[in-house]
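Residue-level listing of the chains:
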Amino acid sequence: MTRPMENCGFATALRAIEGKWKVDILCELGTAARRFGRLRQAIPAISEKMLAQQLRELEADGLVSRTTYPETPPKVVYSLTTRGAALNVAAAGLCKWGEEYGDDAVRVETREVAVG
């Protein structure tokens, strides 16, 4: 008996990273914990509002932790949780595939759009 796609582990992982910027954020946090401003600098195309929203969603999904230090002004640091780090490890294969075949995939997609 086959499982429905919505219960597939791959589909679950995709739902966890859906959103334009979540993969970029996870990859950046995979190198080191970051403050909001450093994340914003590392991903210059993202707006502050979108970064805040994506971080909240990643935190709610248990992929990112937010630590506030009692300073004035408060220091907030974002880092990957164990779950987030595991997702980054799992995504490494997809990253490798994209690096190896990505240009071909883009060309195929472009041809399909031009033909269609």
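Since the structure is predicted, the reported quantities are computational estimates derived from the model, not experimental observations.

*Asks:* Can you help me understand unusual backbone geometry in this one?
*Replies:* With the exception of glycine, most residues fall at negative phi, and the peptide bonds are largely trans. Along the chain, Thr72 connects to Pro73 via a cis peptide bond; the corresponding omega equals -10°. By secondary structure assignment, the location of Pro73 is in the loop between strand E2 (64–69) and strand E3 (75–80).

*Asks:* Just checking my understanding: could you explain the nonpolar core for this structure?
*Replies:* Side chains that are nonpolar tend, in soluble globular proteins, to be buried together. Within the largest apolar cluster, 18 residues are counted, with the highest numbers of intra-cluster contacts made by Ile25, Leu26, Leu29, Leu55, Val64 and Tyr78. Those elements that provide at least two residues to this core are helix H1 (9–17), helix H2 (22–31), helix H4 (48–60) and E3. In this structure Leu55 touches Ile25, Phe36, Leu39, Val64 and Tyr78, once residues within four positions along its chain are discounted.

*Asks:* Any chance you could explain the packing of aromatic side chains here in plain terms?
*Replies:* For any pair of aromatic rings, the description rests on two quantities: the centre-to-centre distance and the angle between the ring planes. Tallying each qualifying case throughout the model produces one aromatic pair. Ring centres of Trp97 and Tyr101 lie 5.9 Å apart, and the angle between their planes is 40°; this geometry places the pair in the tilted category. Of this pair, Trp97 and Tyr101 are both found in helix H5 (residues 82–115), four residues apart, which corresponds to roughly one turn of the helix. Given a relative accessible area of 45%, Trp97 falls into the partly exposed group.

Here is what the cut-offs are and how they apply
- Residues numbered from 1 in each chain as written.
- Predicted model: local features only at pLDDT ≥ 70, side-chain atom pairs only at ≥ 80, totals over all residues.
- Heavy atoms only, no water.
- Helix = DSSP H or I, 4+ residues; strand = E, 2+ residues; numbered from the N terminus.
- Core = buried A, V, L, I, M, F, W, Y, C linked by side-chain atoms within 4.5 Å.
- Buried < 20%, exposed > 50% of the residue type's maximum accessible area, 1.4 Å probe, protein only.
- Contact = heavy atoms within 4.5 Å.
- Phe/Tyr/Trp six-rings, centres within 6.5 Å; stacked < 30°, edge-to-face > 60°.

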